[in-house]
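What the coordinates show
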Amino acid sequence: MERHITLPITRETARTIRSGEACLLSGVIYTARDAAHKRLVELVEKGEPLPFDIKDATIYYVGPTPAKPGQVIGSAGPTTSYRMDAYSPTLIREGETGMIGKGKRSPEVVEAMKKYGAVYFAAIGGAGALLSSCIKKAEIVCYEDLGAEAVRRLEVENLPVVAVIDSEGNNLYEKGRREYLDSVEER
Amino acid sequence: MREINAETITEAVAELAVEANCRLPGDVKERIGQARANEPWPTACGILDKIIENYGIADENFVPICQDTGVCCVFLKIGQDVHITGDLRKAVDEGVRKGYGEGYLRKSVVRDPLRRVNTGDNTPAMLYTEIVPGDKIELTVAPKGFGSENMSRLAMLKPSDGIEGVKAFILKTVEEAGPNPCPPIVVGVGIGGTFDKAAYMAKRALMRPVTERNADEFYAALEDELLEKINALGIGPQGFGGKTTALAVNIEWYPTHIAGLPVAVNINCHVTRHKTVVL
């Protein structure tokens, strides 16, 4: 059974989400990939304001395909998260509580998640057509010059994700694999 | 000498790029379906169901299966009795520009690897040409996503490392990739040749239907063995655990130097896309 989560996710809520929990997210999220993360962190380092409120924000690592006429957004699945590892600890410190991507994270990111209270979700990689249907509204916030990598504000309804790493550092990638292999041994 | 107009190639590249991005090849669908039927782990079954639902939506609405519509790899086998009227390189890139523009595909190419400004039209194509007998052109378009490309590796092994060294390197590459390349994956392997030839063979191996084994029995057996070993790693769909880590291991091989044993592993995600036409 999935857990319904209404965004934004507070630090307190982030700490209640457990690794392995299947969640349906509804509310506002922001998109950013490598190039946008670089710019956001440069702003933080210069002490300048960010183009959107990072407090309690959830960032989806996605570069969608262009919307066809009549579509809100094109295909919109997650990109691999480790490329954001250099930037995520800074954004978590600044207030980010949720990240959506796919794949492994660095120990530095996990440490920041534990320290400040944040959760890392995975969406199904390669299921961009399916995930697109959960996005009800999309608008560009900034960095339009980056094309697919521009920062977008998305309104999502029941976006299916799985909490992979929680604020205690538990990791579904390790646990899921171990449990499956144990089940094979038992048989 | 048969004449083929470069514009014909442009049109074909454009059409194939959109087709390949929106419709998963039948052999890949077949293997995903078989994997789903043989998957014992409930979480993994749930993920495979979503993957099947996703390519169904892409088929029905003719939208990209994945948002990473890739760099556009184009392979041309050009018959030596064909004369192409016009500029082939330009014709292929024009096809990419048209397909990615009119087909609402994502533009994911930067002009140079260090200064990183998007070209805005997904050009240039990664173009490979080969001259073959005959008066036809076989054209394959294979959009390649980089989540899986980034997890690909190459090793210059020693002859003494032998078949065990090759197996160990392939398994290590898949294990280290873990959840990152969107498993279930297709593993393209090139063994032999030179540094570059091995990488090229690994990429070409991904074009072979996942339901078809190597024509050489020895390599077919190696493919089966590796697939079994990879699926015993327990990584599973999306890395959440399960049996289905890979859909196929496709190996290509070539003669090599007495001093060498190059091995390249090109990983592809479950959205292993390619489409071929003969002109």
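Everything in this summary refers to the structure shown in the same document. Predicted model only: the values in this text are computed from it and were never measured.

What follows deals with the pattern of salt bridges. This model, assessed by the stated rule, comprises 38 salt bridges over all chains. Here Glu175(B) ties to Arg177(A) by a salt bridge, and the two come within 2.6 Å at their closest N and O atoms. Within this pair, whereas Glu175(B) is found in helix 6 (residues 162-177), its partner Arg177(A) is found in helix 6 (residues 172-186), the two belonging to separate chains. Residue Glu175(B) is classed as partly exposed on the basis of its relative accessible area, which comes to 35%. The structure contains a network of salt bridges with shared partners spanning Arg208(B), Arg213(B), Glu223(B), Asp224(B) and Glu252(B).

On to the nonpolar core. One broad rule of soluble globular proteins: the nonpolar side chains tend to lie buried together. Formed by 65 residues in total, the largest nonpolar core has its most connected members in Phe52(A), Met113(A), Tyr143(A), Val164(A), Ile32(B) and Phe240(B). Looking at which domains feed residues into this core, each of domain 1 (2-20 + 65-144) and domain 2 (147-273) of chain B supplies at least three. With sequence-adjacent residues up to four places away left out, Val164(A) is seen in contact with Ser19(A), Tyr120(A), Phe121(A), Ala122(A), Asn170(A), Asn171(A), Leu172(A), Tyr173(A) and Phe240(B). If you look at the next biggest cluster of nonpolar residues, it comprises 27 residues, including Ala155(B), Ile191(B), Tyr219(B) and Leu227(B).

What follows covers the interface of chain B and chain A. On the chain A side, the residues contacting the 44 residues of chain B number 40 residues. Together, Gln67(B), Tyr104(B) and Phe240(B) form the three largest contributors to the area buried by chain B at its contact with chain A, with a combined 23%. One can count 1 salt bridge joining chain B with chain A. Our enumeration of links across chain B and chain A arrives at 16 residue pairs in polar contact (both at pLDDT 80 or more). Broken down by secondary-structure element, the contributors of at least two residues to the side of chain B that touches chain A are helix 3 (42-61) and helix 6 of chain B. In terms of residues, the side of chain B that touches chain A owes the most to one element, helix 3 of chain B, which gives 8 residues.

Residues and elements named next belong to chain B. Taken N-terminus to C-terminus, the directions of helix 1 (residues 6-22) and helix 4 (residues 88-102) make an angle of 35°; their axes are 7 Å apart at the nearest point. Considering the relative orientation of helix 1 and helix 4, their crossing is right-handed. Touching Ala-6, Ile-9, Thr-10, Glu-11, Val-13, Ala-14, Ala-17, Val-18 and Asn-21 of helix 1 are Leu-88, Ala-91, Val-92, Glu-94, Gly-95, Val-96, Lys-98, Gly-99 and Tyr-100, all from helix 4. Along the lines of polarity and charge, the residues of the contact of helix 1 with helix 4 split into 11 nonpolar, 4 polar and 3 charged.

So, on to the sheet that holds strand 4 (residues 126-132) of chain B. Residues and elements named next belong to chain B. A sheet is described by the order of its strands in space; here 4 strands give the open sequence 4-2-5-10, paired in mixed fashion. Each edge of the sheet is formed by a strand with only one pairing partner; in this case those strands are strand 4 and strand 10 (275-278). The mean angle between the axes of side-by-side strands here comes to 15°, regardless of whether they run parallel or antiparallel. Here strand 5 (residues 137-144) pairs with strand 10 via 4 bridges, running antiparallel. Residue pairing in the sheet places Val-141 in a bridge with Lys-275 of strand 10. Sheet strands in contact with helix 7 (residues 195-205) are strand 2 (71-79), strand 4 and strand 5, and its direction is about 95° off that of strand 2.

Summed over all chains, the structure comprises 8 aromatic pairs over all chains. Residues Tyr30(A) and Phe52(A) carry aromatic rings whose centres are separated by 4.2 Å and whose planes lie at 15° to one another, so their mutual orientation is stacked. Separated by 22 residues along the polypeptide, Tyr30(A) in strand 2 (residues 22-31) and Phe52(A) in the loop between helix 2 (34-46) and strand 3 (58-60) bring together distant segments of the chain. Note on Tyr30(A): relative accessible area 14%, which makes it buried. Using a relative accessible area of 6% as the deciding quantity, one classes Phe52(A) as buried. Between Tyr180(A) and Trp41(B), the ring centres sit 5.6 Å apart and the planes meet at 75°, which makes this aromatic pair edge-to-face. Here Tyr180(A) is found in helix 6, whereas its partner Trp41(B) is found in the loop between helix 2 (26-38) and helix 3 on a different chain. Among the aromatic residues, ring-to-ring pairing joins Phe75(B), Tyr128(B) and Tyr200(B) into one connected group.

Thresholds applied
Each chain carries its own residue numbering, running from 1 in the written order of its sequence. Each chain is given a letter, starting from A, and each ligand a number, starting from 1, according to the order in which they appear as written. This being a predicted model, a pLDDT of at least 70 is required before a residue's local features are given, and a value of 80 or more before pairs of side-chain atoms are given or counted; all residues contribute to the totals for chains, interfaces and linings. To obtain the side-chain values, all non-hydrogen atoms of the structure were used and water was disregarded. Within this document, salt bridges are pairs made up of a side-chain nitrogen of Lys or Arg and a carboxyl oxygen of Asp or Glu, the two lying within 4 Å of each other. Note on conventions: DSSP H or I runs of at least 4 residues are helices, E runs of at least 2 residues are strands, and numbering of each starts at the N terminus. For every residue, the accessible area obtained with a 1.4 Å probe (protein chains only) is divided by the maximum for its type, and the residue is called buried under 20%, exposed over 50%, and partly exposed between those limits. Residue types Ala, Val, Leu, Ile, Met, Phe, Trp, Tyr and Cys, when buried and joined through side-chain atoms within 4.5 Å, form a set referred to as a nonpolar core. Here the limits of each domain have been adopted from an automatic or database domain assignment. Throughout, a contact is declared for two residues whenever any of their heavy atoms are within 4.5 Å. Two parts placed together each lose some accessible area under a 1.4 Å probe, and the buried area is that loss summed for both. In protein, a polar contact requires one atom able to donate a hydrogen and another able to accept it; more generally it is a pair of N or O atoms within 3.5 Å, and residues adjacent in sequence count only if both atoms are side-chain atoms. Angles here are taken between N-to-C directions and fall from 0 to 180 degrees, while the axes themselves are lines fitted to C-alpha atoms, restricted in helices to the stretch in contact. Here a crossing is called left-handed whenever its near helix is offset anticlockwise from the far helix by less than a right angle, and right-handed whenever the offset is clockwise. Amino acids are sorted into nonpolar (Ala, Val, Leu, Ile, Met, Phe, Trp, Tyr, Cys and Pro), charged (Asp, Glu, Lys and Arg) and polar (every other residue, Gly among them). Here a strand pair is declared whenever DSSP counts at least two bridges between the two strands. Ring geometry is summarised as follows: Phe, Tyr and Trp rings, the Trp one being its six-membered ring, pair when their centres sit within 6.5 Å, and such pairs are stacked at plane angles under 30 degrees, edge-to-face over 60 and tilted between the two.

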